[in-house]
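Structure assessment
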Amino acid sequence: RKKKFNKKYLNYKKYDLSDLIYDEIKNLRYYNSSLIGILNNIFVKKILKKKNQIKKTICWMENHEVKGWNMAFRKLDKKIKVVGYQGFTNLPQLMNTIPTKFENKYKVIPNEIIVSGKAYIKTRKEFYKNLKIKLGPALIYQGIFDKKNYLKKNLFLLILTEFNNVNKNILNWLNFVLSNNNKVKVIIKKPKLLNSDNLLTTFKNNKNVKIVSDNLSDLLKNSKYVIISGPSGATLEALAYNCKLLIPFIDPYDEKYLKDLRISKNTYQIFKDRKYFSETIYKINNLNLDKVKKNTSLKNYKNYLFQKIKRSNEKIFI
């Protein structure tokens, strides 16, 4: 299958990227994803051969294994409506989640994409302006619409991502803060899937650090400041829970990411200097927790970033 790609590609802005492209195609690191895509394609072909009456198909659209699924439905039966649900926040660092014009040309993406927040309609069209998008409910984020008032008893919550290199850097920043101030208390939320135990060894005996695997929503409800960087839905979820973001300059895309979504600079602060980051944490820590003002500029973000489930938007899946 891969030998057919072994050819000379057209130069891109005078650069010959043929070797780079083919090295990526030959890479077996994501063999499992490639195989799932092929199996999905074969599975759909067999379903349609049996003359099953299908009006609509919906996939969870992260845009890798589902390419074979989408292509089979779109090419073999044009009457079937092929829909992709993107129930996650905008993650532009993961470019595969943003459909392209050429993916549509070769029918490996759905006819229509459902996004879970108003903020993501424009950003999902970055590589294909004519992409058909509809607004649907944020099925996995409904906790943010809970009207109960929370105490916000935790001052600092540090959230690790599913990327080791990001976690390593952000923990180095935290280590710098703690080495300069032994009064700062921080809760560290471990990632769901990635094993981060080796990176957290340094902090296990630190009385001011609590490492937890608790439900993220519950932690955000009770936290005032969130320390985070890199591709993670928790960044925008934190805004919806009225937390202010403290972002070490680790992933250069963080600032552009928030700017593209038109997030007010009052809601976050990006630090390019560790010393200034440490001083800011120390300054906040010295304030009486009850006197740390609620950031009123955040109150409207939950309805901008996430859609509440309603009877009207539930029908989009039927």
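Here's what I pulled together on the structure shown here.

Cut-offs applied
- Residues numbered from 1 in each chain as written.
- Predicted model: local features only at pLDDT ≥ 70, side-chain atom pairs only at ≥ 80, totals over all residues.
- Heavy atoms only, no water.
- Buried < 20%, exposed > 50% of the residue type's maximum accessible area, 1.4 Å probe, protein only.
- Helix = DSSP H or I, 4+ residues; strand = E, 2+ residues; numbered from the N terminus.
- Pairing = 2+ DSSP bridges.
- Right-handed = clockwise from strand over helix to strand, strands pointing away.
- Axes fitted to C-alpha atoms, helices over the stretch in contact; angles between N-to-C directions.
- Contact = heavy atoms within 4.5 Å.
- Salt bridge = Lys/Arg side-chain N within 4 Å of Asp/Glu carboxyl O.
- Patch = residues over 30% accessible without salt bridge, like charges linked within 9 Å, V, L, I, M, F, W, Y side chains within 5 Å.
- Areas by Shrake-Rupley, 256 points an atom, 1.4 Å probe, with all protein chains shown as cover.
- Lys, Arg positive; Asp, Glu negative; His and termini not counted.
- Charge placed at Lys NZ, Arg CZ, Asp CG, Glu CD.

**Examining the pairing of strand S5 (residues 154-159)**
For S5, the buried fraction is high: 6 of the 6 residues fall into the buried class. Where S5 and strand S6 (residues 186-189) come together, 3 bridges link them in parallel fashion. Among the inter-strand pairings, leucine 158 is bridged to a residue of S6, identified as isoleucine 188. Taken together, S5, helix H6 (residues 164-180) and S6 form a β-α-β motif whose crossover is right-handed.

**Observations concerning the sheet that holds strand S2 (residues 81-86)**
On the basis of which strands lie adjacent, the open sheet formed by 4 strands has the order S1-S2-S3-S4 and parallel pairing. The two strands at the open ends of the sheet, each matched to only one other strand, are strand S1 (56-60) and strand S4 (133-135). Each adjacent strand pair in this sheet contributes to an overall mean axis angle of 25°, direction not counted. Taken strand by strand, helix H3 (residues 67-76) contacts S1 and S2, and its axis lies near 165° from that of S1.

**Some points on unusual backbone geometry**
The residue lysine 51 is not glycine, and still its phi comes out positive at about 60°. Locating lysine 51 in the fold gives a position in the loop between helix H2 (31-49) and S1. On the basis of relative accessibility, which here comes to 68%, the residue lysine 51 falls in the exposed class. Unusually for a residue other than glycine, asparagine 242 sits at a positive phi of about 65°. Take asparagine 242: it is sitting in the loop between helix H9 (234-240) and strand S9 (244-248).

**Focus: the side chain of asparagine 70**
Note that asparagine 70 resides in helix H3. Residue asparagine 70 is classed as buried on the basis of its relative accessible area of 0%. What asparagine 70 contacts, discounting residues up to four positions off in sequence, is Cys59, Met61, Val82, Lys107, Val108, Ile109 and Pro110.

**What to know about the pattern of salt bridges**
Going through the model one piece at a time under the given rule, you end up with 6 salt bridges. Where lysine 81 meets glutamate 112, a salt bridge forms, and the shortest distance between an N and an O atom there is 3.7 Å. In this pair, lysine 81 sits in strand S2 while glutamate 112 sits in strand S3 (residues 112-115), placing the two residues 31 residues apart along the sequence. Of the residues examined, lysine 81 reaches a relative accessible area of 33% and is grouped as partly exposed. A salt bridge links lysine 256 to aspartate 260; the shortest N-O distance between them is 2.7 Å. Of the two residues, lysine 256 and aspartate 260 are both situated in helix H10 (residues 253-260); the distance of 4 residues between them amounts to about one turn of the helix. For lysine 256, a relative accessible area of 40% translates into the label partly exposed.

**Overview of a positive patch on the surface**
On the surface, a cluster of positive charge is contributed by Arg1, Lys4, Lys45, Lys46, Lys49, Lys50 and Lys75. For the positive patch, the element with the most residues is H2, which contributes 3 residues. Looking at the element boundaries, lysine 45 is found in helix H2.

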